[in-house]
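Inside the fold
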Amino acid sequence: MSFLLKRTLGAGKNLGRAVLNSNQYTGIQRVATKTDVATPQVETRPTVAKLDPLQKSQLIDFGKYIAECMPKYVQKVQITAGNELEVLIPPEGVIPILQFLKDHHSAQFASLVDIGGMDVPNRPYRFEVIYNLLSLRYNARIRVKTYTDELTPVDSACEVFKAANWYEREIWDMFGVFFANHPDLRRILTDYGFEGHPFRKDFPLSGYVELRYDDEQKRVVVEPLELAQEFRRFELSAPWEQFPNFRGNPVSEEVVNQSGDQPKKE
Amino acid sequence: MIWFKKYLPIFRYTSHVRDFKTCVLLNAKRWAPDVDFMKQFEGVAIYPTEEIEKYFKVIYSSIVRPVERKLQNMWINFGPQHPAAHGVLRLILELDGETVVRADPHIGYLHRATEKLMEHKHYTQNLPFVDRFDYVSTLANEQGFAIAVETLLNIEVPPRAKAIRVLCSELSRIANHLLNISGTILDAGGITPFFWMCEEREKIYELHERLCGARVHCAYVRPGGVSQDIPIGFLDDVHEFCMKLGERCDETEDIATENRLYYARTAGIGAVKAHEAIYHGFSGPMLRCTGVKWDLRIALPYDGYDLYDFDVPVGTMGDSYDRHLLRLIELRQSLRIINQVIDTMPAGEIRTDDSKISLPLRAEMKTSMEALIHHFKLCTEGYIVPPGATYTAVECPKGELGFYMVADGTSKPYRVGIRSCSYNHLAGLSFMGKGLMLADISILIATIDIVFGDIDR
């Protein structure tokens, strides 16, 4: 009796899952993970990205090498998004690490591609400064990430890469991260008399002020914001789990963790 | 003396004769300067004061002594509204005569805070923002965004979608180089090629319109593939366009490339050395003109670029003339790629099979309940991207367009950082512009290939 019930109930359960999922028989199929370091398996499914295991293993080796060469500053080395190497350092280590990566013979990351900023207000050091480097010689990319808060300055990378000049001006303008020893740190993208740092998460999307031309004063005046419609916040979170296939996928895989703690990725 | 006056009456009839005074002068009543009078003119008449120093002085001796003067260089404003500024560029130039001593670009006149806006919209809604970065080559930007999101989603698009994306990207490259080459010639003084090449760009816009409905800002290349399949007969028209484009470029080359005047205007202007270019973060044609063989389509191939056979030109001198030639050759190589794409276009679907990411077909949506549910959820909430961070770059026609994208497990990105090539190139203007004359600055701005949607975002 119970055997029959289980069969019918079990059949119904399978049927429901097969209709809602695009991948049928999820229980049987191997879950896609990005963590196949020990046994690099070649991905065969057509809809999943194919990453080069050789490139990944080379990046892992290089990450370990950097951690060995600069143990004072390298706090963590990780691989994100399948095959991108990230080195996490404290803000004191910006100039030594960037100089090392630029000048060391087996690194030669001569091109600074991008310096980006990110604001995570929950953290005590809320701002993250991300340096993306490119090695033309070895055809590789690397990312160096540091942290800071509103008041602590970070050393400017201008003496290492001239390309850092405008990027650091932009981060100062948008986030308020001060770069020490920068030759010319002033605003670059915002208006000349603008107050505030727009890309911080606590700065509202519509800003605080609006500008208009005043006919009586014959100039552009700055006034507090008046919106015709209030800001609509769409709550777009779904109640059910979205990516069962990626449940086992880590956000980032650790290669080297010297600080020992486990910071949570946002 | 008048003792003879009693004898005077005999002289009565000579009264018209003047008296002869032998001892008194004729005009004894008139005053004449005497010694006392002359004494008051001895000595200094006037002491020079400050006001007098400003008077014009006649130089009586032939010795002219040089005057010490303090001069200051002139600062001019190559303002935000200027026909040669290629957008809204405010360039503060310090000029010594006609030579530029210092160039300081002020940007931000087109800043739209795209990176902040993108944090508030889901990924499909963010796609039209990306079109508006490099607005002369829109489909190439979309391709970069799509590849970045696909890296985070860990998916792969079908081969037909990749081929269509390559086709769109190369059409954008042609459009961009057409504009830039003719724009530079326009700044140098030759007005006609601009009209010819804008006519060709008009044809590309018509092709875009047939493809996706919009001429410029297409929103066509999406994460997961492309939004619609190419219409019937589209590839024939692309082929016809490409067959004729080579001759159009020849016409422009006849005017400009062999021209002494154009060579004199562009040779040696803005010469960059290879290590300087890498040090300043250049990419794309600005880097290749210095001799560095670096092209992301070959070095880190994406979207099936390794299936096509094409050359990447590399310059030698690093000056504006090299860039002109380089862009012309790149244009012809793009034609080569498009021909190969047309020949080898694979059949198949144009979107990933994953129904959690790509929209269902319209017919399916109207008949199947699950497809309707998926359509609803994808259109309102968008697809959820698993948490992760990536930096993905593509070879835009102007250089390297990179997206540093951080996803947090919702359908909206947590942070999208956009790395555009024109930003670095314009920053390089401050070192490339030193020593150039004012007329060369406008040529330099043209050959750097900047567009302000890219710079200001």
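Reading the values: the criteria
- Residues numbered from 1 in each chain as written.
- Chains lettered and ligands numbered in written order.
- Predicted model: local features only at pLDDT ≥ 70, side-chain atom pairs only at ≥ 80, totals over all residues.
- Heavy atoms only, no water.
- Helix = DSSP H or I, 4+ residues; strand = E, 2+ residues; numbered from the N terminus.
- Rg over C-alpha atoms; globule rule 2.2 N^0.38 Å.
- Contact = heavy atoms within 4.5 Å.
- Areas by Shrake-Rupley, 256 points an atom, 1.4 Å probe, with all protein chains shown as cover.
- Buried < 20%, exposed > 50% of the residue type's maximum accessible area, 1.4 Å probe, protein only.
- UniProt positions renumbered as here; feature names shortened; annotations may be inferred.
- Pairing = 2+ DSSP bridges.
- Axes fitted to C-alpha atoms, helices over the stretch in contact; angles between N-to-C directions.
- Core = buried A, V, L, I, M, F, W, Y, C linked by side-chain atoms within 4.5 Å.
- Salt bridge = Lys/Arg side-chain N within 4 Å of Asp/Glu carboxyl O.
- Expected span 1.5 Å × (residues − 1).
- Phe/Tyr/Trp six-rings, centres within 6.5 Å; stacked < 30°, edge-to-face > 60°.
- pLDDT = per-residue confidence, 0-100.
- Polar contact = N/O pair within 3.5 Å; in protein donor to acceptor, adjacent residues only side chain to side chain.

On to the overall build of chain B, then. Of regular secondary structure, chain B possesses 19 helices and eight strands. The C-alpha atoms of chain B give 40 Å as radius of gyration, which overshoots the globular expectation for 457 residues (23 Å, by more than 25%). In terms of overall dimensions, chain B has C-alpha extents of about 165 × 50 × 45 Å along its principal axes. Sequence separation of 24 or more characterises 69% of the internal contacts of chain B that already satisfy a separation of 6 or more. As presented, chain B carries roughly 22,300 Å² of accessible surface, and 58% of it is formed by carbon and sulfur atoms.

Positioned with a positive phi, Asn-139 of chain A is a non-glycine residue whose angle comes to about 55°. Despite not being glycine, Asp-303 of chain B has its phi angle at roughly 55°, a positive value. What makes Asp-303 of chain B buried here is its relative accessible area of 9%.

If you check UniProt for "domain: NADH-quinone oxidoreductase subunit D" (unreviewed entry), the listed places come out as residues 187-457 of chain B in our numbering. The distance from the first to the last C-alpha atom of residues 187-457 of chain B is 25 Å, and the span holds 50% helix and 11% strand.

Turning to the pairing of strand E5 (residues 140-148) of chain A, a few remarks are in order. Residues and elements named next belong to chain A. Burial runs high along E5: eight of the nine residues are buried. As defined by bridge partners, strand E2 (residues 84-88) adjoins E5 across four bridges and the pair is classed as parallel. Bridge pairing links Leu-85 to Ile-142 in E5. Here strand E4 (residues 127-135) runs beside E5; their pairing, made up of nine bridges, is antiparallel. In the sheet register, Glu-128 faces E5, and the bridge partner there is Tyr-147. The antiparallel pairing of E4 with E5 creates a hairpin that spans four residues between the two strands, and Asn-139 there sits at a positive phi of about 55°.

Residues and elements named next belong to chain B. The three strands are arranged E6-E7-E8 in an open sheet whose pairing can be described as antiparallel. On the outer flanks of this sheet lie strand E6 (388-396) and strand E8 (413-419), each paired with one strand and no other. Strand-to-strand twist of the sheet, defined as the mean angle between neighbouring strand axes without regard to direction, takes the value 15°. Relative to E8, strand E7 (residues 399-407) runs antiparallel, the two being bridged by six bridges. Within E8, the residue paired with Tyr-404 across the bridge is Gly-417. Sheet strands in contact with helix H5 (residues 138-153) are E6 and E7, and its direction is about 150° off that of E6.

Looking now at the nonpolar core. Counting residues in hydrophobic clusters, the biggest one holds 93 residues, and the most contacted among them are Leu-101 and Tyr-131 of chain A together with Ile-107 of chain B. The contacts of Ile-107 of chain B, once residues within four sequence positions are left out, are Trp-166, Ile-188 and Leu-189 of chain A together with Leu-89, Tyr-423, Leu-426, Phe-452, Ile-455 and Asp-456 of chain B. Residues Phe-129, Tyr-302, Tyr-321 and Val-416 of chain B belong to the second largest nonpolar core, which totals 75 residues.

Right, let's get into the UniProt feature "domain: NADH:ubiquinone oxidoreductase 30kDa subunit" (unreviewed entry) in chain A. Using the residue numbers shown here, the UniProt feature "domain: NADH:ubiquinone oxidoreductase 30kDa subunit" (unreviewed entry) corresponds to residues 88-208 of chain A. Taken end to end, residues 88-208 of chain A comprises 18% helix and 26% strand; its first and last C-alpha atoms sit 35 Å apart.

Now for the pattern of salt bridges. Counting across every chain of the model gives 43 salt bridges over all chains. Members of the salt-bridge network, linked through shared partners, are Glu-170, Arg-173, Arg-288, Asp-295, Arg-297, Glu-330 and Glu-395 of chain B.

Below, the discussion takes up H5 of chain B. Residues and elements named next belong to chain B. When the terminal C-alpha atoms of H5 are compared, their 23 Å separation across 16 residues agrees well with the 22 Å that a helix rising 1.5 Å per residue should span. Among the 16 residues that make up H5, 15 are buried, leaving the element largely enclosed by the rest of the structure. Looking one or two places after H5, you find Asn-154, whose phi comes out positive at around 65°.

Tracing the chain through its elements places Glu-200 of chain B in helix H7 (residues 192-212). What makes Glu-200 of chain B buried here is its relative accessible area of 4%.

Okay, the pairing of strand E3 (residues 99-106) of chain B next. Residues and elements named next belong to chain B. Relative to E3, strand E2 (residues 90-96) is paired through seven bridges, and the arrangement is antiparallel. Bridge assignment links Ile-92 to a residue of E3, and that residue is Asp-104. Here E2 hands over to E3 after two residues, with Gly-97 in that stretch at a positive phi of 75°.

This part is about the packing of aromatic side chains. Both the distance between ring centres and the angle between the ring planes are used here to describe each pair of aromatic rings. Residues and elements named next belong to chain A. Per the counting criterion, the structure on display carries 19 aromatic pairs over all chains. With a centroid separation of 6.1 Å and 80° between ring planes, the pair formed by Phe-175 and Phe-199 is classed as edge-to-face. Note that Phe-175 is positioned in helix H4 (residues 164-175) and Phe-199 in the loop between strand E7 (179-180) and strand E8 (209-214), a separation of 24 residues in sequence. What makes Phe-175 buried here is its relative accessible area of 3%. The buried category is assigned to Phe-199, whose relative accessible area is 4%.

Moving on: the sheet that holds strand E1 (residues 74-78) of chain B. Residues and elements named next belong to chain B. The three strands lie next to each other as E1-E2-E3, forming an open sheet whose pairing is antiparallel. Here the strands that pair on one side only, and so sit at the sheet edges, are E1 and E3. If you compare each strand with its neighbour and ignore which way they point, the axes differ by 20° on average. On the sheet, helix H18 (residues 438-448) packs against E1, E2 and E3 and is oriented at approximately 150° with respect to E2.

It is worth spelling out the confidence of the model for chain A at this point. Close inspection of predicted coordinates is inappropriate for parts of the model with low pLDDT. All names here are of chain A. Mean pLDDT over chain A: 79, with 76% of residues reaching 70 or higher. No element of chain A has a lower mean pLDDT than helix H1 (residues 2-20), at 41, and none a higher one than E4, at 94. For residues 1-32, every residue scores under 50 in pLDDT, and the model assigns this stretch 23 contacts once sequence neighbours within four places are set aside.

Our focus in this paragraph is the interface of chain B and chain A. Contacts between the two partners involve 67 residues from chain B, matched on the other side by 70 residues from chain A. Along the contact surface separating chain B from chain A lie four salt bridges. Linking Arg-141 of chain A and Glu-400 of chain B is a salt bridge whose minimum nitrogen-to-oxygen distance equals 3.3 Å. Here chain B is connected to chain A by 22 residue pairs in polar contact (both at pLDDT 80 or more).

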